[in-house]
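# An overview of the molecular structure
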Amino acid sequence: MKRTKTSKAWMREHLNDPYVQRANAEGYRARAAYKLMEIDDRDHLLKPGARVVDLGAAPGSWCQVAAARCGTGGGVFALDLLAVEPVVGVNFLQGDFSDDAVLAEFERRVGGDKVDVVLSDMAPNISGVATVDQARSIMLCELALDFAANHLHVQGSFLVKVFQGEGFMEFRKQMEQQFQSVQTRKPKASRDRSAEVYLLGRRQR
Ligand SMILES: C[S@@+](CC[C@H](N)C(=O)[O-])C[C@H]1O[C@@H](n2cnc3c(N)ncnc32)[C@H](O)[C@@H]1O
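Residues numbered from 1 in each chain as written. Predicted model: local features only at pLDDT ≥ 70, side-chain atom pairs only at ≥ 80, totals over all residues. Heavy atoms only, no water.

## Here's the deal with the overall build of the chain
Counted only if it meets this: Helix numbers and strand numbers start at the N terminus; a helix is a DSSP run of H or I with at least 4 residues, a strand a run of E with at least 2. We call two residues in contact when some of their heavy atoms are within 4.5 Å. All accessibility values rest on the Shrake-Rupley procedure with a 1.4 Å probe; residue burial counts only the protein chains present in the view. The positive count covers Lys and Arg only, the negative count covers Asp and Glu only, and His and the chain ends enter neither. Think of each charge as sitting on NZ of Lys, CZ of Arg, CG of Asp or CD of Glu.
If you tally the helices and strands in the chain, you get seven helices and seven strands. Start at the N end of the chain and walk to the C end: the helices and strands fall as α-α-α-β-α-β-β-α-β-α-β-α-β-β. Judged by the C-alpha coordinates and their principal axes, the chain covers about 50 × 35 × 35 Å. Taking contacts inside the chain between residues at least 6 apart in sequence as the whole, the part at least 24 apart equals 62%. With an accessible surface of roughly 10,900 Å², the chain has 51% of that area assigned to carbon and sulfur atoms. In the chain, which carries 28 positive and 26 negative side-chain charges, the distance between the mean positions of the two groups comes to 6 Å.

Following this line, the structure appears as structure tokens:
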């Protein structure tokens, strides 16, 4: 395939990115691993034995971090549209989180026991139409929030990637109705130019 100027510039930026270089050196599948690690170093979500759900898991760097920090005692349950190479200690399901049949199968795997942490790094495939992409992103956030409402432990935490724009404040308000505290996190590995932030909902401070 012919490389355009834009794709060459993207590749150059990607290869020179210190988080990409660090991920390659340390065996993480994506630079996103450092976003979760920075948030977790501050907020202590991932504890040994915790049961964790990872929505939008491919290629699997958050699974790697969650499995390393929680161990195999609780269980990490992950889901993505795309396949994920196996990660020890992670129960992975490939499918669309907005599909009722996929959700039912995922819920069957997670089982009746509540989970300690729900993570969602889901981001829709970009269509290029900003309003459509933003609406899809907020819809995924709302589905993840519904899942968290049904499956989180009374002291559980919900960490979700949200793009600032149309619907952001309304979504934050929905989180405020569900959680005792809602805080914004923008880890260093999240590029300044990206509208993404993470909202962290906690049921107990
Ligand atoms: C930024 S990536 C996640 C990176 C991941 N946290 C990691 O550390 O490797 C966002 C993921 O959301 C997934 N995704 C988007 N829409 C989805 C949906 N409807 N159901 C499941 N996964 C979805 C995409 O396939 C993509 O892999």
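We are not done yet, so read on.
## Examining unusual backbone geometry
For clarity, the threshold we go by: Type-normalised accessible area, obtained with a 1.4 Å probe on protein chains alone, sets the label of each residue: buried when under 20%, exposed when over 50%, and partly exposed for intermediate values.
The residue after A58, namely P59, is reached through a cis peptide bond having omega 5 degrees. Tracing the sequence through the fold places P59 in the loop between β1 (51–55) and α4 (61–70). One non-glycine residue with positive phi stands out, namely H44, at about 55 degrees. By secondary structure assignment, the location of H44 is in the loop between α3 (33–43) and β1. For H44, a relative accessible area of 48% gives the class partly exposed.

## Some words on the pairing of strand β4 (residues 115–120)
Quick note on the threshold: The pairing criterion is simple: DSSP has to find at least two bridges between the two strands. Crossovers are described as right-handed under a simple rule: with the strands pointing away from the observer, the path leading from the first strand over the helix to the second runs clockwise.
Of all the six residues making up β4, five are buried; the element is thus mostly covered by neighbouring parts of the structure. Here β1 runs beside β4; their pairing, made up of four bridges, is parallel. In the strand pairing of β4, D54 is matched with L119. Two strands pair when backbone bridges link them, and β4 and strand β5 (residues 152–163) are joined in this way by five bridges, in the parallel orientation. Bridging across to β5, V118 finds its partner in F158. Where the polypeptide runs from β4 across helix α6 (residues 130–151) and back to β5, its parallel neighbour, the crossover connection is right-handed.

## Here's the deal with the site of the ligand
What counts is decided by this rule: Only a single heavy atom is needed: when it lies within 4 Å of a molecule or strand, its residue is near that molecule or strand. For this analysis, a polar contact is any N or O atom pair within 3.5 Å, provided that within protein one partner can donate a hydrogen and the other can accept it, and provided that sequence-adjacent residues contribute only side-chain to side-chain pairs. Classes in brief: Ala, Val, Leu, Ile, Met, Phe, Trp, Tyr, Cys and Pro nonpolar; Asp, Glu, Lys and Arg charged; the others, Gly included, polar.
Around the ligand sit 20 residues, and of these S61, D80, D96, F97 and D121 come closest. Between the ligand and A58, the relevant distance is 3.4 Å, taken from an oxygen atom to a main-chain nitrogen or oxygen of the residue. P59 has a polar backbone atom sitting 3.2 Å from an oxygen atom of the ligand. Of all the secondary structure elements, the ones that give two or more residues to the shell around the ligand are α4 and β2 (75–80). Considered class by class, the residues forming the shell around the ligand number 12 nonpolar, four polar and four charged.

## Considering the environment of A9
Positionally, A9 belongs in helix α1 (residues 5–16). Sequence separation between A9 and A144 is 135 residues, and the spatial gap between their C-alpha atoms is 34 Å.

## Description of the side chain of K161
Among the secondary structure elements, K161 is positioned in strand β5. In this structure the side chain of K161 is engaged in a polar contact, spanning 3.0 Å, whose partner is the side chain of D121. Look past the residues within four positions of K161 in its chain and what remains in contact with it is S120, D121, M122, A123, C141, E196, V197 and Y198.

## Topic: the state of the cysteines
Defined as follows: When two cysteine sulfur atoms are found within 2.5 Å, that pair is recorded as a disulfide.
A full pass over the atoms with the stated rule returns zero disulfides. No disulfide involves C70; its sulfur sits 11 Å from that of C63, the nearest cysteine. You can see C141 has no disulfide; the closest cysteine sulfur is in C63, sitting 18 Å from it. Classification of C141 as buried rests on a relative accessible area of 1%.

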